[in-house]
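Below, each chain spelled out in residue letters.
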Amino acid sequence: MNLIPALPPWHPPGTPAAGGLAAGGLAAGPLLAAASIGQVISHTTVWITGILAGLATLFLTIGGVRYLMAGGDPAEVEKAKTAFKSAGIGYALAVLAPVVVTVLKSLTGG
C-alpha cells in the first residue's frame, strides 16, 4: 500500500504542461508591470514596513538573548538595553512608514 501519491512529471517553467505563462489562456507579458506610480509607492511601502518590522524583531530577539545571558555583567546589560532601544525605534519606523508616505503623497498632490 503506497500512502504517498506520485509526483507529476517535471516540465520546464513557462511550458504549457507546467502551468506557466502559456497555460490557462494567459498571455505572456511583463511580470513586473505597475498600473501607476502610486501603486509602486504603495507596494514599496509594504516592503519597507515588512523589512523594518523584521529587523526590529531581530534586534528584540538579540536584546532578549543578551539580557538573559548577561549574568549580571553591567556592560552586557547595557548592550541588551541598546538592542531593545533599536528594536523600539525599528517598530516605530515600521508603524510610521505608511503615515509618512501618505503625508508625502498629499503634499505632492498624489
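Above this note sits the structure.
Novice: What is the right way to read the overall build of the protein chain from this model?
Specialist: Summing up its helical and strand segments, the protein chain has two helices and zero strands in all. Of all 110 residues assigned to the protein chain, the portion counted as buried reaches 10%. Summarising the internal contacts of the protein chain: among those between residues at least 6 apart in sequence, 50% fall at separations of at least 24. Per element, the accessible surface of the protein chain, about 8500 Å² overall, is 74% carbon and sulfur.

Novice: Just to check I follow, could you spell out the environment of A70 for this structure?
Specialist: Structurally, A70 can be placed in the loop between helix 1 (37–69) and helix 2 (74–108). C-alpha of A70 to C-alpha of A80: the two residues are ten residues apart in sequence and 8.3 Å apart in space. Excluding its chain neighbours within four sequence positions, the residues that come into contact with A70 are E76 and V77.

Novice: How should the packing of aromatic side chains be read in this particular structure?
Specialist: Both the distance between ring centres and the angle between the ring planes are used here to describe each pair of aromatic rings. Taken as a whole and assessed by the stated rule, the structure comprises one aromatic pair. Consider the rings of Y67 and F84, whose centres lie 6.4 Å apart with planes at 55°: the pair is tilted. Taken together, the residues span a long stretch of sequence, with Y67 in helix 1 and F84 in helix 2 at a distance of 17 residues. Look at Y67 and you get partly exposed, because its relative accessible area is 47%.

Novice: Honestly, helix 1 in this entry has me stumped. Any pointers?
Specialist: Within an α-helix, residues lying three or four positions from one another point in the same direction, as the helix has 3.6 residues per turn. Along its 33 residues, helix 1 runs 48 Å from first to last C-alpha, staying within 8% of the 48 Å computed at 1.5 Å per residue. As for helix 1, its buried residues are in contact with helix 2. Positive backbone phi, approximately 60°, marks G71, located one or two places after helix 1.

Novice: Looking at this structure, I do not really get the side chain of T45. What am I missing?
Specialist: On the secondary structure map, T45 appears in helix 1. Excluding its chain neighbours within four sequence positions, the residues that come into contact with T45 are A97, P98 and V101.

Quick notes on the rules
- Residues numbered from 1 in each chain as written.
- Predicted model: local features only at pLDDT ≥ 70, side-chain atom pairs only at ≥ 80, totals over all residues.
- Heavy atoms only, no water.
- Helix = DSSP H or I, 4+ residues; strand = E, 2+ residues; numbered from the N terminus.
- Buried < 20%, exposed > 50% of the residue type's maximum accessible area, 1.4 Å probe, protein only.
- Contact = heavy atoms within 4.5 Å.
- Areas by Shrake-Rupley, 256 points an atom, 1.4 Å probe, with all protein chains shown as cover.
- Phe/Tyr/Trp six-rings, centres within 6.5 Å; stacked < 30°, edge-to-face > 60°.
- Expected span 1.5 Å × (residues − 1).

None of this, on its own, says anything about what the molecule does.
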